[in-house]
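The primary structure of each chain is shown beneath.
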Amino acid sequence: MIKIFDTTLRDGEQSPGCSMNLEEKLQIARQLDKMGVDIIEAGFACSSKGDFESVSKVAEVVENATVASLSRATKKDIDIAWDAVKHAKHPMIHTFIATSDIHLEYKLKITREECKNMAIEAIKHAKSYCDQVEFSCEDATRTDIDFLIEMVEAAIEAGATNVNIPDTVGYTEPFEYYKMIKALKDNVKGIDDITLAVHCHNDLGMATANSLAGVMAGANQIECTINGIGERAGNTAMEEVVMALETRYDVYKDKTNIKTTEIARASSLVQTITGVKVQPHKAIVGANAFAHESGIHQHGMLANQQTYEIMTPESVGFTKTNLVLGKHSGKHALRDKIEELGYTISDEELNIIFDKFKNLADEKKEIFDEDIEALMIGEMAKVEGGYKLLDYQTTTSEGKDSKTIIKVSKDDEETEVVGSGRGPIDAAFDSLGKLFGGSITLEDFKINSVTKGRDALGETKIIISKDGSKYSGKGLSNDIIKSSIDAYINAVNHMEYFSERRKEII
Ligand code: KIV
Ligand code: ZN
């Protein structure tokens, strides 16, 4: 069995614009647990108070999977990682140090010997807390192979149960990575007694191919993220490696524990929460992944599905029905629908969502799964105690600047500002810029329609930056000016919340 180590909440979150709040991370962690992930890397506990808090909470709610926190190879990091994961049913500390000469010389400024000693100390210290310890050789694919063999052997001797060989910069090629993993399997003492992991980045578009090459050479754990989100060009996409192993069992002769019918749900959850949509032709989970456009293909499909389909949409959880709740649906039906969509909801949250659902049902003829999801996500993006939009008014006409007046409140204090610009949204952002100070930059602004039709909800995602850090915000309304203002205010609320929490613990 090939273990799946999911790092959507850690490496995935390092992807620009993918930062998530606590409630959003918990929803994703529950879905990962439900779909059979073996190890969930919940974050990098020592990087900020916010990360510490989310790793601890994920550790509390996950029922089956092992929960890991990343930590550098220092005592202090490991202590904090342990503090965060210790309540998990199956805790793991994941410690790492770079092993390539370029990292040793320029980043860490230490010798190979010092690097090995630091790794041994770190693993032993982590072992004093917890049985499951993973050790990663950062930039392994640019590490001298003899030194890598020495490092992996030392890690196993020190007690690592899982050893990871990351292609940190997405540099390796499938054949080369195969050779590296095979060299470790052939030369490292004790390698068959531990779990050997592959962790690939997608800079050259090779992450899936490299991970599978590693498996062919004997690796038995794949590190990946949902939809392949991650630093730069991303990480190995979980759905791709899982379905490759399923579909080509004849080649790999091994599978994972993942319930493949949960893949579509997990992908949609991550897209909705992060606002980062996959491209239509994305393997396995893109909107066109199972669409057959050409007449020849359609004809073949009608005669026998297998002519052009190597796996079915149902096998990854795409269903044809996307029923529709209506005006007369009750709370019970709404709860069932929300749970079927994979979310966990408390009675108090259900009351809030139910009111929103009723308002929406008054305005919109049909309510689809996507609408319900959008309501959930809007609720999860909220930040307690932040700014609230009280009112806005806008005037706009052809050939003249628009004017938008915005009134907000915070801690019972109300403020009103007026701004102008080319169109009502530009004018609204001008007002908000004045309200929250000029040093905020609008980095990205997207409006998507959640479903079809002129009454569809408009979902706005905004990324702002201040002092080099980025923050995202979401807004939802069938009035796109309101959803844009809400998204901006939500981003500012996140900025205040995260900058408080981002203060380093160490
Ligand atoms: O890509 C990488 O090297 C990592 C390690 C920290 C495991 O993410
Ligand atoms: Zn990585």
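Please read these numbers as outputs of a predicted model, since none were measured by experiment.

UniProt records the feature "domain: Pyruvate carboxyltransferase" (unreviewed entry) for residues 2–264 in the present numbering. Secondary structure within residues 2–264 divides into 44% helix and 18% strand; the distance between the first and last C-alpha atoms comes to 21 Å.

The next thing to look at is the sheet that holds strand β14 (residues 469–477). Spatially, the 3 strands line up as an open sheet ordered β12-β13-β14, and their pairing is antiparallel. Both outer strands of the open sheet, β12 (441–449) and β14, are each paired with one neighbouring strand and no more. In this sheet, neighbouring strand axes are inclined to one another by 15° on average, regardless of whether the strands run parallel or antiparallel. Two strands pair when backbone bridges link them, and β12 and strand β13 (residues 458–466) are joined in this way by 8 bridges, in the antiparallel orientation. Its bridge partner being in β13, D444 is matched across the sheet by I463.

Glancing now at the coordination of the zinc ion (ligand 2). The coordination sphere of the zinc ion (ligand 2) contains the protein donors D11 (OD), H199 (NE2) and H201 (NE2), at a distance range of 2.0 to 2.1 Å. Spacing between the donor residues of the zinc ion (ligand 2) along the chain follows D-x187-H-x1-H. By the burial criterion, H199 is buried, and H201 matches it.

Another point: the sheet that holds strand β10 (residues 402–410). Here we have 3 strands laid out as an open sheet, ordered β9-β10-β11, and antiparallel in their pairing. Both outer strands of the open sheet, β9 (388–395) and β11 (413–421), are each paired with one neighbouring strand and no more. In this sheet, neighbouring strand axes are inclined to one another by 15° on average, regardless of whether the strands run parallel or antiparallel. Bridge count between β10 and β11: 9 bridges; the pairing is antiparallel.

As a further point, take the UniProt feature "binding site: Mn(2+)" (unreviewed entry) in the protein. Mapped onto this numbering, the UniProt entry gives "binding site: Mn(2+)" (unreviewed entry) at D11, H199, H201 and N235. Taken together, the annotated residues stretch across 225 residues yet fold into one region, lying no more than 10.5 Å apart by C-alpha. Classification of D11 as buried rests on a relative accessible area of 3%. Contacts of D11, omitting those with residues within four sequence positions, involve H199, H201, G230, E231 and N235. Polar contacts involving the side chain of D11 include one to the side chain of R10, which spans 3.3 Å. Mapping H201 onto the fold places it in the loop between β7 (195–200) and α8 (207–216). Judged by its relative accessible area of 5%, H201 is buried.

What follows deals with unusual backbone geometry. The general pattern is negative phi for most residues beyond glycine and trans for most peptide bonds. The backbone of R232 sits at a positive phi, close to 50°, despite the residue not being glycine. In this fold, R232 is placed in the loop between β8 (221–224) and α9 (238–247). Phi angles above zero are rare outside glycine, and I284 is one such case at about 70°. Tracing the chain through its elements places I284 in the loop between α11 (263–274) and α12 (295–303).

On to the state of the cysteines. Within this structure, the stated rule accounts for 0 disulfides. We note that C46 lacks a disulfide partner, and the nearest cysteine sulfur, in C130, lies 16 Å from it. For the unlinked cysteine C115, the closest cysteine sulfur is that of C137, found at 7.8 Å.

Here we take up helix α6 (residues 145–158). The terminal C-alpha atoms of α6 lie 20 Å apart, and with 14 residues this matches the ideal 20 Å at 1.5 Å per residue to within 8%. Among the residues of α6, those classed as buried are F147, L148, I149, M151, V152, A154, A155, I156 and A158. Looking at the packing, one finds that the buried side of α6 touches β4 (91–98), α4 (101–108), α5 (112–129), β5 (132–138), β6 (162–167) and α7 (174–187). Immediately downstream of α6, the backbone of G159 shows phi near 120°, a positive value.

A separate point is the site of ligand 1. Close contacts around ligand 1 come from R10, D11, H94, F96, S136, E138, N164, P166, T168, H199 and H201, and that covers them all. At 3.1 Å from an oxygen atom of ligand 1 is found a side-chain nitrogen or oxygen belonging to D11. At a separation of 2.6 Å, an oxygen atom of ligand 1 approaches a polar side-chain atom of T168. Notes on ligand 1: free accessible area 260 Å², of which the protein chains cover 94%. Taken together, the elements giving at least two residues each to the shell around ligand 1 come down to β4, β5 and β6. Among the residues making up the shell around ligand 1, the classes are represented as 2 nonpolar, 6 polar and 3 charged.

The rules behind each value
Residues numbered from 1 in each chain as written. Chains lettered and ligands numbered in written order. Predicted model: local features only at pLDDT ≥ 70, side-chain atom pairs only at ≥ 80, totals over all residues. Heavy atoms only, no water. UniProt positions renumbered as here; feature names shortened; annotations may be inferred. Helix = DSSP H or I, 4+ residues; strand = E, 2+ residues; numbered from the N terminus. Pairing = 2+ DSSP bridges. Axes fitted to C-alpha atoms, helices over the stretch in contact; angles between N-to-C directions. Donors = N, O, S within 2.8 Å, 3.2 Å for Na, K, Ca; no water. Buried < 20%, exposed > 50% of the residue type's maximum accessible area, 1.4 Å probe, protein only. Contact = heavy atoms within 4.5 Å. Polar contact = N/O pair within 3.5 Å; in protein donor to acceptor, adjacent residues only side chain to side chain. Disulfide = S-S within 2.5 Å. Expected span 1.5 Å × (residues − 1). Near = heavy atom within 4 Å. Areas by Shrake-Rupley, 256 points an atom, 1.4 Å probe, with all protein chains shown as cover. Nonpolar A, V, L, I, M, F, W, Y, C, P; charged D, E, K, R; others polar.

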